[in-house]
Amino acid sequence: MLETTIAAIRPADEAAMAAVRELHGRLTKPVGSLGALEELSVRLAGLAGACPPPLPEPAAVAIFAGDHGVHAQGVSPWPQEVTAQMIGNFLAGGAVVNAFARQAGASVTVVDVGVATPLPTDPAAAPAGSDPAALDPAVTGPAALDPAVPRLVVASVRRGTRDFTVTAALTRDEALAAVQTGIRIADELIDAGAGILLTGDMGIGNTTPAAALIAAFTGVDALDATGRGTGVDDPTYAHKVAVVRAALARHTPDPADPLGVLAAVGGLEHAALAGLILGAAARRTPVLLDGVIGVSAALAAAAFAPAAVCAMVAGHRSAEPGATVALRHLGLDPLIDLGLRLGEGTGALLALPVVTGAVRVLHEVATFDSAGVAEK
């Protein structure tokens with residue numbers, strides 16, 4: 001599956017991009033007056049191979065959840081059980097991502113790709129307020145995009161990664177299984193009609209492997225790639241940097257071998273998100289990246305297939321320093337910068353109207369000729 005997905009990813013369509021640039025010159029506005037929105041619309045046309053590109057709707061958030069063996073090293077003050085508890089909160093509609101998704105009319109699919117704590121998959125144990133149908137992983141088709149019903153898909157590869165300060169976080173086969181899970185979820189959501197996918201994540205301690213991935217793929221020092229995550233104090237932050245640095249020294253991951261990098265120092269949600277991005281790129285569907293977890297996964301996707309960057313839109317600039325490092329490496333400019341560091345897909349959801357607006361202009365704004373407006 002991974003090989004065929006990579007083979008289907010193509011560079012941007014230059015003719016479609018040129019056509020959108022020409023169209024912007026005929027719309028009833030000064031050329032360039034929409035700033036970054038104009039170049040975004042050009043990129044989306046290049047991805048779709050059409051002028052104008054299709055409207056990026058409906059939107060589907062895919063939240064991949066997993067736990068991390070490196071949590072044992074004290075890199076986060078939060079107990080690991082919070083990962084599973086937050087999944088219950090997602091399904092009950094009580095998290096920030098749910099509030100923002102309702103505002104945007106986006107569906108929410110939660111994928112357990114490696115949570116350590118058992119989940120309430122029995123409808124009798126469903127969180128208060130959740131719909132038992134949301135616990136059915138067989139729900140596909142248009143029902144999978146119902147913005148009113150968060151959906152859980154159980155696709156666990158293993159119950160959390162190993163501690164990468166001791167051994168590789170995953171075997172290559174486990175990393176591959178997680179990547180292919182992401183590809184499958186992308187296909188399911190696009191087949192159901194999704195016009196844009198948004199990356200989401202949940203996993204206590206997951207900014208530590210994200211920092212390791214960013215350092216491995218970009219070559220920066222661990223200090224430049226590592227942030228404070230949920231807001232750790234100075235001693236814990238210094239320890240976290242040391243943990244990332246030690247893991248990189250132990251494994252010496254090769255950025256030319258993205259599966260090996262994911263196996264050595266990644267997380268199951270990072271690998272699955274890389275697969276989601278690759279799957280969307282193969283289907284010429286845009287992916288709106290969220291925070292540091294999403295952009296660390298994007299680095300892996302770009303290492304698998306450089307042309308996959310054509311499908312990526314940077315939703316926001318995370319407060320995590322590694323996110324800026326990763327975006328610079330990918331050549332992507334974030335649409336908004338609000339100092340966010342929550343994850344879940346929240347920043348991507350806030351940026352979604354910007355992406356939609358960039359395309360809607362091409363569909364709905366009159367040209368000088370059609371509106372009878374004189375040009376300069």
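Residues numbered from 1 in each chain as written. Predicted model: local features only at pLDDT ≥ 70, side-chain atom pairs only at ≥ 80, totals over all residues. Heavy atoms only, no water.

Engineer: Provide a residue-level description of the overall build of the chain, including the pertinent values.
Structural biologist: When its secondary structure is counted, the chain shows 15 helices and six strands. A compact globule built from 376 residues should have a C-alpha radius of gyration of about 21 Å, and the chain, at 20 Å, falls within 12% of that. With respect to the three principal axes, the spread of C-alpha positions in the chain is 70 × 50 × 40 Å. Buried residues in the chain amount to 56% of all 376 residues. Accessible surface computed for the chain: about 13,800 Å², of which carbon and sulfur atoms make up 56%. (Helix = DSSP H or I, 4+ residues; strand = E, 2+ residues; numbered from the N terminus. Rg over C-alpha atoms; globule rule 2.2 N^0.38 Å. Buried < 20%, exposed > 50% of the residue type's maximum accessible area, 1.4 Å probe, protein only. Areas by Shrake-Rupley, 256 points an atom, 1.4 Å probe, with all protein chains shown as cover.)

Engineer: Mind laying out the pairing of strand 1 (residues 59–66), listing which residues take part and the relevant values?
Structural biologist: Looking along a regular strand, one sees side chains alternate from face to face of the sheet. With respect to burial, strand 1 is a largely interior element, eight of its eight residues being buried. Here strand 1 shows a buried face lined by A59, V61, I63 and A65 and a second buried face lined by A60, A62, F64 and G66. Sheet topology note: the strand 1/strand 4 (residues 196–202) ladder contains seven bridges and is parallel. Considered in strand 4, the bridge of A65 is made with M202. Here seven bridges tie strand 1 to strand 2 (residues 107–114), and the two strands are oriented parallel to one another. If you follow I63 over to strand 2, its bridge partner there is V110. (Pairing = 2+ DSSP bridges.)

Engineer: Report on the state of the cysteines, specifying residues and quantitative values.
Structural biologist: One way to say it: the disulfide is the covalent bond shared by the sulfur atoms of two cysteines. On inspection of all chains with the given rule, the structure shows zero disulfides. The thiol sulfur of C51 is not disulfide-bonded, and the nearest other cysteine sulfur, from C310, lies at 17 Å. Judged by relative accessible area, C310 falls into the partly exposed class, the value being 24%. (Disulfide = S-S within 2.5 Å.)

Engineer: I'd like a description of unusual backbone geometry, backed by residues and values.
Structural biologist: Of note, the amide linkage connecting C51 to P52 takes the cis form, showing an omega dihedral of -5 degrees. Turning to its location among the elements, P52 is positioned in the loop between helix 3 (36–48) and strand 1. A cis amide bond links E57 to the next residue, P58, at an omega of -5 degrees. Despite not being glycine, R284 has its phi angle at roughly 55 degrees, a positive value.

Engineer: For the sheet that holds strand 2, give the residues involved together with the corresponding values.
Structural biologist: Across the sheet, six strands lie side by side as 3-2-1-4-5-6; this open sheet has parallel pairing. In this open sheet, the two strands that pair with only one neighbour each are strand 3 (151–154) and strand 6 (312–314). Pairwise comparison of adjacent strand axes, ignoring direction, gives a mean angle of 30 degrees for this sheet. Pairing of strand 4 with strand 5 (residues 287–289), which is carried by two bridges, proceeds in the parallel orientation. Bridge pairing in strand 5 links L198 to L288. (Axes fitted to C-alpha atoms, helices over the stretch in contact; angles between N-to-C directions.)

Engineer: Now, about the packing of aromatic side chains: what can you tell me, with residues and values included?
Structural biologist: Under the criterion given, the structure shown has zero aromatic pairs. In this structure, R228 packs its charged tip against the face of Y237, placed 4.7 Å from the ring centre. (Phe/Tyr/Trp six-rings, centres within 6.5 Å; stacked < 30°, edge-to-face > 60°. Lys NZ or Arg CZ within 6 Å of the ring centre and 35° of its normal.)

Engineer: Residues and numbers for the confidence of the model for the chain, please.
Structural biologist: Chain-level pLDDT for the chain is 92 on average; 93% of the residues reach the 70-or-more range. Every residue in residues 122–138 scores below 50 in pLDDT, and together they form 29 contacts with partners more than four places removed in sequence or on other chains. (pLDDT = per-residue confidence, 0-100. Contact = heavy atoms within 4.5 Å.)

Engineer: I'd like a description of the environment of A155, backed by residues and values.
Structural biologist: Take A155: it is sitting in the loop between strand 3 and helix 6 (172–191). Overall, the relative accessible area of 13% leaves A155 in the buried class. Sequence spacing of A155 and M17 is 138 residues, and the spatial spacing of their C-alpha atoms is 38 Å. Ignoring any residue separated from it by four or fewer positions in sequence, one finds A155 in contact with V111, D112, V113, T181 and R184.

Engineer: Kindly report on the packing of helix 6 against helix 10 (residues 258–265), identifying the contributing residues and their values.
Structural biologist: Contact geometry of helix 6 with helix 10 gives a least axis separation of 8 Å together with a crossing angle of 105 degrees. The orientation of helix 6 with respect to helix 10, classified from their angle, is roughly perpendicular. Residues R172, A175, L176 and V179 of helix 6 form the contact with helix 10, whose own contacting residues are L259, G260, L262 and A263. Looking at the contact of helix 6 with helix 10, its residues break down into six nonpolar, one polar and one charged. (Parallel < 35°, antiparallel > 145°, perpendicular 65-115°, else oblique. Nonpolar A, V, L, I, M, F, W, Y, C, P; charged D, E, K, R; others polar.)

Engineer: Can you break down the environment of V113 residue by residue, with the values?
Structural biologist: Structurally, V113 can be placed in strand 2. When the C-alpha atoms of V113 and E269 are compared, they prove to be 6.4 Å apart, with 156 residues separating the residues in sequence. Other than its neighbours up to four places away in sequence, V113 contacts A65, A155, S156, V157, R158, A178, T181, L268, E269 and A272.

Engineer: Tell me what's going on with helix 12 (residues 292–304), and back it up with residues and numbers.
Structural biologist: For helix 12, which comprises 13 residues, the first-to-last C-alpha distance of 19 Å matches the rise-based estimate of 18 Å (1.5 Å per residue) to within 8%. Taken across its 13 residues, helix 12 has 12 buried, putting it largely inside the fold. Among the residues of helix 12, V292, I293, G294, V295, S296, A297, A298, L299, A300, A301, A302 and F304 are the ones counted as buried. (Expected span 1.5 Å × (residues − 1).)

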